[in-house]
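# Structural description and commentary
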Amino acid sequence: MNESLFDAEALEFPAALASALAPPALPGHFDELRGEATAAAPVRPAAGAVPPAAPLLYDTAGERPVSPGQSQSQSQSQTQTQTQAAPGEQPPLTPAWNAFFDQLGPDGFNDLPRRAASLERQIRDNGVTYNVYADANGPQRPWSLDLFPLIVSPESWSQIEAGVLQRVRVLDRVMADVYGPQQLLAEGLIPPALVRGHPGYLRALHGVKPPGDTWLHIAAFDLARGPDGNWWVVSQRTQAPSGLGYLLENRLAITRQFPQAFEALHVQRLAATYSAMMEGLQHMCPAGVPPHIALLTPGPYNETYFEHAYLARYLGLTLVEGSDLTVRDQRLYLKTLQGLRPVHGLIKRLDDQFLDPLELRPDSTLGVPGLLQAIRAGNVLVANMPGSAFLESPALLGFLPGLARRLIGEKLKLPALPTWWCGERAALESVLPQLADCAIKPTYPGSDGQTSFDAVLGSQLGRRELDEWAGRIVREGDAHTVQSYLPLSQMPTWANDMGPGHIAPRAVLLRVFAVSDGAQSWRVLPGGLARLAGPDAQIASMQRGGSSADVWVQTYGEVDRTTLLQPHATPASLARHRAPVTSRAAENMFWLGRYTERAENAVRLARLTLNLLGGEDQSSRPLLEWLHRMALRNALVPAEAPSAPKSRRVFERALIAELGDVERGGSVGFSLMCIRQAAAAVRERLSQDNWNQIVRAEADFLRRAAEQAGEGSFATGAALRALESASTALAAMTGAQTDRMTRDDAWRLLSIGRHIERLGFLSNALEAGFENGAVHEVGGFEAMVALFDSTITFHARYQQRRDVATMVDLLVLDAENPRSLAWVTQTLRGRIARLAGSAPGKLTALSYELSDPAGWTLEHLCAAGPGANYPALVELLANCETAAYHVSDAIGTRYFTLTSESLRSVGA
C-alpha cells in the first residue's frame with residue numbers, strides 16, 4: 001500500500017485502535033471481542049400483548065420443565081469479567097484480544113490488508129475447496145477463511161472439554177444399549193419412534209459388539225455462546241462429521257499470518273490429539289501387525305473431498321473409494337496392482353445408508369458389498385460404527401439429561417438448547433405458542449422415508465406462515481422438533497467490502513471434536529472449526545455460503561509441541577508408509593496419462609490443420625483428405641461437417657467451433673476437462689503446482705473458446721493463440737509428470753497410458769498418409785514430420801532430402817527419438833514388464849503383445865510394392881495401432897477390474 005491507513009501515533013496502540021474501530025456485536029448478542037453481551041434495546045410490548053413464555057427444556061426423566069436460566073445453565077459461569085465502560089464509550093477488549101492486536105508488529109493495522117490478501121492467495125494456491133450447493137455460480141469454490149481466529153480462554157475451554165467428554169460417553173453407551181439389551185427403550189427413557197422409527201437405525205447390526213466396545217471414535221458437537229457468555233450444544237454429528245481436515249488447513253494458514261500472536265497467546269497445538277487418535281485406532285483394530293487403516297471417501301464430487309484427501313495425507317492413511325474395496329470370506333480387502341491387501345480399520349466419510357448396497361441402499365455405488373457382514377464377523381473396525389444416525393436427531397437432545405443420569409450417574413455439565421420433540425403431546429402443547437421465538441427442525445433430517453425439510457427460524461416467518469407450520473406440526477408431530485432460538489455470539493472478522501478493509505462482527509458457531517484414544521477413552525481436540533454466518537444471516541452454515549475461522553484455545557500450562565514426525569524410523573516402519581496403489585487410483589493415473597497425450601495430439605493436429613488450411617498447399621487434395629480423415633478420427637470436427645476438399649472454409653469453421661465443445665466431446669476442450677477429472681480422482685498423488693496447472697489450463701482454454709463463440713466469430717488467429725497457450729500448459733503438465741512424480745507403479749501406469757495413446761495416434765497418422773499418398777507430396781511430407789514434432793531434428797539430420805527412407809528412419813526406427821514408433825514401443829514393453837514385477841531385463845507375456853523393434857529393418861519396411869505402396873510398412877503401422885489398444889484392454893482387465901486371473905491376497 002502506498003498510503004498508511006492510520007497515523008504513527010495510532011499505530012503505537014493497536015489494541016486501543018481496535019477497540020475504537022471495531023463495531024460492537026448486535027444488541028442481545030455476546031461480543032467475543034469484548035467478552036460481554038451488547039445491551040439490548042428495551043422493547044415496549046404492544047397493548048394487550050401477552051409476554052412470551054420462557055423457553056422450556058423438556059426433560060423426559062419425569063422432572064418438571066426448566067428454563068435456560070435454571071438448573072443446567074447454572075453449571076456454567078461467566079468466563080470473562082470486564083471493567084464497566086463509561087456511558088457512551090466502547091467496553092475494553094478482553095485480555096486475549098488485547099494481546100493479539102499488540103502482536104501485530106510495527107505496521108499494525110496498516111498490514112492487515114496485505115495479510116488478508118496473502119491468506120486469500122494461500123488458500124487459492126493450496127487448492128482448498130468446498131462444494132457449496134447453495135452457490136448458483138458453480139458447485140466448487142475456494143474455501144472461505146477469515147483472517148482473525150476465534151480465541152477461547154482456558155476457563156471456557158475447561159468447561160467445554162469436560163462437557164463434551166461427558167456427552168460422548170453418554171452417546172457411546174446409548175448406542176451400546178440400542179444395539180444390545182435395549183433397556184433404555186424398555187424403561188421409556190427414549191421413545192421408540194426416535195430409534196426404531198429412525199431411518200438411520202440399522203437392525204442388521206443388532207447384537208454386534210465393536211472392537212474395544214467403542215461405538216464412537218469421532219464425534220462433533222456444534223456449540224453456540226449465548227448472551228450470558230455460557231456455551232450451549234446446538235447439535236451433534238456422529239455419522240461422518242466433517243471439519244477435522246479443514247481446521248488443520250485453517251491452523252496452518254492463520255498461524256502463518258500471525259506467528260508472534262500465536263506464540264504469545266500460548267495456543268494449544270493439535271498434533272498430539274491426532275496422534276493419540278491414530279494410536280487408539282491401531283490398538284483396537286481386530287487384526288494385523290501393523291494394522292492397515294484406510295479412509296473411505298465418496299469421491300471427488302463430495303463437498304468435502306479436499307478434506308478427505310488432506311486428512312488421509314496428514315495421517316498417513318490410504319484414501320479409498322468403495323470401488324477400491326471388496327469383501328472376501330467376511331474380510332475386507334483393498335484391490336491393489338499386486339493383488340488383494342487386507343484392511344483392518346476404516347475411517348468412513350460417507351453416511352451409513354450408502355455403505356453396503358447388499359443390505360442398505362441397493363442403488364448405492366459408493367459403498368462396499370458385504371461390508372456389514374465383515375463388521376458383524378468382527379474382522380474390521382469402522383469409525384464410526386454404522387447405525388449412529390439416530391444420535392444426530394435434534395429430538396434426542398431433550399432426552400440426554402435423563403439418559404446421562406441413567407447411564408453414567410452424572411448431571412450434564414454442558415447444556416443443550418431447550419428442545420421439544422413434538423411427538424409427545426406435553427411438548428407439543430407447550431411449544432406451539434412459542435414458534436415465533438424458536439427454530440423448527442426435522443426430527444429425521446435428510447431422510448427419504450420420513451418427512452424432512454430445511455430448518456426454519458420462526459422469527460423469519462409471518463403470522464400466516466407460522467399458522468401453517470403449526471398445522472403441519474399438529475398433523476405430523478413426530479416428524480418435527482422445535483428448538484429454542486439463541487442469538488449467536490459475534491466475533492471480529494476482517495471484511496473487505498468497504499475500501500481496504502475493516503473489522504466487522506459476525507455470528508459464530510463452534511464445532512469441537514471428541515476422538516477416541518483407546519477403548520472407552522476419549523479426548524477433546526484443543527481447537528475446532530468456527531463457522532461464520534453471512535453478514536445478514538442468522539444461520540452459520542458452510543453449505544449456505546458461510547465462512548470459517550481458526551480456533552485458538554489458550555492454556556495456562558505448557559504447550560504440547562508433539563508432532564507426527566517420528567524421530568526413530570526403522571526400515572520396517574518406512575516400508576509401511578509406502579501407500580499401496582489401488583486399482584481405482586491406478587486406472588485414473590492411466591487415463592490421466594492417456595488424456596494428457598490425447599490433448600497434446602489434438603492441439604498439435606488442430607494447429608497444423610489451421611496453418612495448412614491458410615497456407616500455400618490449399619489445392620493439394622491428398623493433403624486435405626488426410627487432414628479431414630485425421631480430424632474426424634480425433635473428433636476435431638463433427639461427423640456431419642463437410643470434408644476439407646469440398647468446403648475448406650466450412651471445414652475450418654467447424655473445427656474452430658468444436659475446439660471448446662465439451663458436451664459432444666472429443667476435441668481439445670473435452671480432453672482438457674477429462675484431464676482435470678482424472679486428476680481430481682487422484683488429487684492426493686499430485687503436487688499443488690501440478691494441480692493448479694491442470695485447472696488453469698482447462699479454465700483458460702474454455703474461457704477463450706467461450707469468448708470467441710460469444711462474439712459469433714470464427715477467427716483463425718484467435719483460435720491459434722488459444723491452441724498455443726494450451727500447448728504451453730500441456731508442456732508444463734508433461735514436465736511435471738516426467739520429472740516431479742515418484743516412479744512407482746502409479747507413475748508407470750500414467751506413462752504406459754501416454755505411450756499407448758502416442759503409439760496409436762502416430763501409427764494411424766502415418767498409415768493414413770501412406771494409404772492416400774499424402775506423404776509423397778512436399779506439403780504432406782512436411783505435415784507428417786511436423787505432427788511427429790520432429791521438424792527440427794529432421795532438417796538438421798537430412799537437410800533437403802524428402803524420401804520415404806529418411807522418414808522411416810526418423811519416425812519409425814530411430815531409437816533415440818521419443819516420437820518414433822520404435823522408441824515408444826520399446827519403452828512400452830519395458831514399462832509393462834516393470835509394472836508386472838518381472839526381474840530386470842525380463843519381459844512378460846503382455847509385453848510380447850507389442851512387436852519387437854529390434855526386428856524392424858529399413859530395407860524391409862522401405863521395400864516398395866506395386867503402385868508406389870509400401871505393404872510391409874503399412875502392415876507394421878496397422879499392427880502397432882491394433883496392438884496398442886489391445887494392450888490397453890488387457891491392462892484394464894488385469895489391473896483395474898482384476899478379472900483376468902484368480903485374485904491373490906498379499907500380506908494376509
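In this report, the structure presented in the accompanying data block is examined.

Attention now goes to the sheet that holds strand β9 (residues 318-320). Strand order in the open sheet formed by 4 strands is β9-β8-β13-β14, and the pairing between neighbours is parallel. Each edge of the sheet is formed by a strand with only one pairing partner; in this case those strands are β9 and β14 (381-383). On average, each strand axis in the sheet is tilted by 25° relative to the strand beside it, whichever way the strands run. Sheet analysis places strand β13 (residues 345-348) next to β14, joined by 3 bridges and oriented parallel. Of the residues in β14, the one forming a bridge with G345 is L381.

A separate point is the pattern of salt bridges. Summed over the entire model, instances satisfying the criterion amount to 45 salt bridges. A salt bridge links R754 to E597; its shortest N-O distance comes to 2.9 Å. Of the two residues, R754 is situated in helix α22 (residues 745-772) and E597 in helix α16 (residues 583-613); the sequence distance between them amounts to 157 residues. Judged on exposure class, the residue R754 and its partner E597 are both buried.

Moving on: unusual backbone geometry. A negative phi angle characterises most non-glycine residues, just as the trans form characterises most peptide bonds. Following A383, the chain continues to N384 via a peptide bond in cis, the omega torsion being -5°. Take N384: it is sitting in the loop between β14 and α12 (400-407). If you check the backbone angles, A635 has positive phi at about 60° while not being a glycine. Checked against the element boundaries, A635 lands in the loop between α17 (621-633) and α18 (648-658). The backbone phi angle of D789 is positive, close to 55°, even though this residue is not glycine. Structurally, D789 can be placed in the loop between α23 (778-787) and α24 (791-798).

Our focus in this paragraph is the packing of α24 against helix α25 (residues 804-813). Put simply, α24 and α25 touch, their axes get as near as 11 Å, and they point 130° apart. The angle between α24 and α25 places the two elements in the oblique class. As α24 packs across α25, the resulting crossing turns out to be right-handed. Touching T793, F794, R797 and Y798 of α24 are T806, M807, D809 and L810, all from α25. Tallied by class, the residues present in the contact of α24 with α25 amount to 4 nonpolar, 2 polar and 2 charged.

We now examine the environment of F262. Tracing the backbone through its elements, the reader meets F262 in helix α8 (residues 259-264). Here F262 falls in the buried class, since its relative accessible area comes to 7%. Each C-alpha atom, one on F262 and one on Q554, is 9.6 Å from the other, the two residues being 292 residues apart in sequence. When near neighbours in sequence (up to four residues on either side) are disregarded, F262 contacts R251, T255, V267, R269 and W552.

For strand β18 (residues 480-484), the tally of buried residues reaches 5 of 5 residues, placing the bulk of the element in the interior. Residues H480, V482 and S484 point to one face of β18 and T481 and Q483 to the other, with burial holding for every one of them. Note: strand β16 (residues 438-442) against β18, 5 bridges, orientation antiparallel. For C438, the partnering residue across the bridge sits in β18 and is S484.

Let us look at the sheet that holds strand β17 (residues 456-457). Read from one edge of the open sheet, 4 strands run β15-β18-β16-β17, paired in antiparallel fashion. The open sheet is flanked by β15 (419-421) and β17, the only strands paired with a single partner. With respect to the sheet, helix α14 (residues 463-475) is in contact with β16, β17 and β18, its orientation differing from that of β18 by roughly 125°.

A separate point is the nonpolar core. Counting residues in each nonpolar core, the largest one holds 104 residues, and the members touching the most others are W626 and V812. The biggest single contributor to this core is α16, with 15 residues. Not counting residues up to four positions away in its chain, the partners in contact with V812 are L766, M807, S820, L821, A822, W856, L861, L873 and L876. In terms of nonpolar packing, the next biggest core, distinct from the first, is built from 76 residues, L185, L355, L414 and L532 among them.

Definitions and limits used
Residues numbered from 1 in each chain as written. Predicted model: local features only at pLDDT ≥ 70, side-chain atom pairs only at ≥ 80, totals over all residues. Heavy atoms only, no water. Pairing = 2+ DSSP bridges. Helix = DSSP H or I, 4+ residues; strand = E, 2+ residues; numbered from the N terminus. Axes fitted to C-alpha atoms, helices over the stretch in contact; angles between N-to-C directions. Salt bridge = Lys/Arg side-chain N within 4 Å of Asp/Glu carboxyl O. Buried < 20%, exposed > 50% of the residue type's maximum accessible area, 1.4 Å probe, protein only. Parallel < 35°, antiparallel > 145°, perpendicular 65-115°, else oblique. Left-handed = near helix turned anticlockwise from the far one by under 90°. Contact = heavy atoms within 4.5 Å. Nonpolar A, V, L, I, M, F, W, Y, C, P; charged D, E, K, R; others polar. Core = buried A, V, L, I, M, F, W, Y, C linked by side-chain atoms within 4.5 Å.

Geometry only, nothing functional implied.
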